[in-house]
Structures are given as C-alpha cells and as structure tokens.
Amino acid sequence: MLDAFSRAVVTADASTTCVNDLSALKSFIAEGNRRLDAVNAIASNASCMVSDAVAGMICENQGLIQAGGNCYPNRRMAACLRDGEIVLRYISYALLAGDASVLDDRCLNGLKETYAALGVPATSTVRAVQIMKAQAAAHIKDQPSEALAGNRLRKMGTPETGDRCASIVAEAGSYFDRVISALS
Ligand SMILES: CCC1=C(C)/C(=C/C2=NC(=C\c3[nH]c(/C=C4\NC(=O)[C@H](C)[C@H]4CC)c(C)c3CCC(=O)O)/C(CCC(=O)O)=C2C)NC1=O
C-alpha cells in the first residue's frame, strides 16, 4: 500500500529522478487537519451511513428482500450491510493516506468477479455506493440536510464547512467513483 509520500517516491524512482515537485506534498501536510476532520466525519457516522444507504437501495428495489433477492434471507442482508461497512472503511483509509492503492489492492481487486459468482447485483451495489458518496459529501462539509436526516441529523462542528471543503470532498468522491467503476 502507498500513501501520498511513498507514491511521490515511487513515481520519482520510476523516472530515475529525485522527488522534485514538493508542492503537492506540502499541501498534503498543510491541509492535514482538514483531511483528518474529513476522515472523522466518515468514520464516526459510518454505521448510520451504511444502514441508510442499504435501506435506500432496498426501498427503491424491494425485490432484493423477497425470496430470490440477494438481500434475502437475513444472512444475505447481514452480508450486504457488512460489505457496505467494508467499502466505506477502505474509502476512509484511502482518504487518510491520500492514495487509492489500499482501496484498490485490498478491497476492489477481484470484487466484481466475486460478486458475479455470488449473484450480488452490481447495479444495486452501485446505488448504495452512490448514496454513501452523497452522505460523505454532506458530512465532510458538515452540512447534512434536515430534510434527509430528520431527527437523526448530526453535526460534527468542524471549523471548515461547506465550499471551503470542496477539494477534500472531491477527493473523497473520487474514491467512491473508483468503487463504482470497479464494479461496473
Ligand atoms: C476485504 C474486502 C472484502 C470484501 C469487499 C468482501 C466482500 C464479499 N462479499 C461477499 C458476500 C456477499 N455480499 C453481499 C452484498 C450485497 N447483496 C446485495 O443484494 C446488495 C446489492 C449488496 C450489499 C450492498 C451479499 C448478499 C453476500 C452474500 C452472498 C451469498 O452468500 O449468497 C463475499 C463472499 C463471502 C462472504 O459471504 O463473506 C465476499 C468475499 N469480503 C472481503 O473480505
């Protein structure tokens, strides 16, 4: 697994040069607290995010919990919720490291084939991941919507909110997109 630092070294090695563009690493350090806040926003809301995303996915496609559906019976429902937590956890690791390799190597590698073999529907999984992407953006910006969260609404109280978090929201979004394209 690589992080932003080891990635810079590996990339420089590959072209037999020194790491001479330090600007990206400098901003990785300067923006470190914002990154930690973003990871915390995901990690401390993870179980709520996963259960809400899977509930939304099922609400839109109730065949999943009927006989023959891939969230039926409870054993499969439990496996699905567990997979949602696994995916979100690896995304949070990638966000912490500033590099997608941990997500690619330890979570996504072979997942599409595993799902095909088990009959786990890719379109439904993608839908749950899309919902988690939207939730993550709202939590990182610390602007969860009252309309969607209702009385479960929870704010982190992070110092930087909204558009000031645009770059880290975009980076987090790219890891969700990576999951979606690996399964599509
Ligand atoms: C380290 C990374 C890692 C990943 C990613 C992982 C995924 C993973 N998900 C599995 C099963 C599963 N995954 C699901 C998931 C779903 N079903 C649906 O309808 C939804 C669309 C979706 C949830 C969003 C289900 C239902 C099973 C059980 C399938 C079965 O046994 O028939 C299995 C087969 C073994 C098992 O049941 O535990 C693996 C290996 N395991 C790992 O170790």
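Residues numbered from 1 in each chain as written. Predicted model: local features only at pLDDT ≥ 70, side-chain atom pairs only at ≥ 80, totals over all residues. Heavy atoms only, no water.

(A) The arrangement of the domain arrangement of the chain in detail. Each domain of the chain was delimited in the assignment, giving domain 1 (1-30) and domain 2 (32-183). Here the C-alpha centroids of domain 1 and domain 2 sit 28 Å apart. Taken together, the contact between domain 1 and domain 2 spans 8 residues of the former and 9 residues of the latter. When domain 1 packs against domain 2, close to 680 Å² is buried across both sides, 47% of that on carbon and sulfur atoms. Taken together, the connections running from domain 1 to domain 2 amount to 1 salt bridge. In this structure, arginine 7 engages aspartate 99 in a salt bridge whose closest nitrogen and oxygen atoms are separated by 2.6 Å. For the pair domain 1 and domain 2, the interface holds 6 residue pairs in polar contact (both at pLDDT 80 or more). Within the residue set of the side of domain 1 that touches domain 2, elements represented by two or more residues are α1 (4-14) and α2 (23-30). Of the residues in the side of domain 1 that touches domain 2, the class split is 6 nonpolar, no polar and 2 charged. (Domains from an automatic or database assignment. Contact = heavy atoms within 4.5 Å. Buried area = accessible area lost by both parts, 1.4 Å probe. Salt bridge = Lys/Arg side-chain N within 4 Å of Asp/Glu carboxyl O. Polar contact = N/O pair within 3.5 Å; in protein donor to acceptor, adjacent residues only side chain to side chain. Helix = DSSP H or I, 4+ residues; strand = E, 2+ residues; numbered from the N terminus. Nonpolar A, V, L, I, M, F, W, Y, C, P; charged D, E, K, R; others polar.)

(B) The site of the ligand, seen in detail. Near the ligand lie 22 residues; those nearest to it are Asn70, Arg76, Cys80, Arg82 and Asp83. Contact distances for the ligand include 2.9 Å between a nitrogen atom and a side-chain N or O atom of asparagine 70. Contacts to the ligand include arginine 75, whose side-chain N or O atom sits 3.0 Å from an oxygen atom. Its free accessible area being 880 Å², the ligand has 77% of it covered by the protein chains. Residue assignment for the shell around the ligand shows that the elements contributing at least two residues are α5 (74-97), α6 (101-108), α7 (111-118) and α8 (122-140). By residue number, the principal contributor to the shell around the ligand is α5, which donates 8 residues. Here the residues of the shell around the ligand are counted per class, giving 13 nonpolar, 4 polar and 5 charged. (Near = heavy atom within 4 Å. Areas by Shrake-Rupley, 256 points an atom, 1.4 Å probe, with all protein chains shown as cover.)

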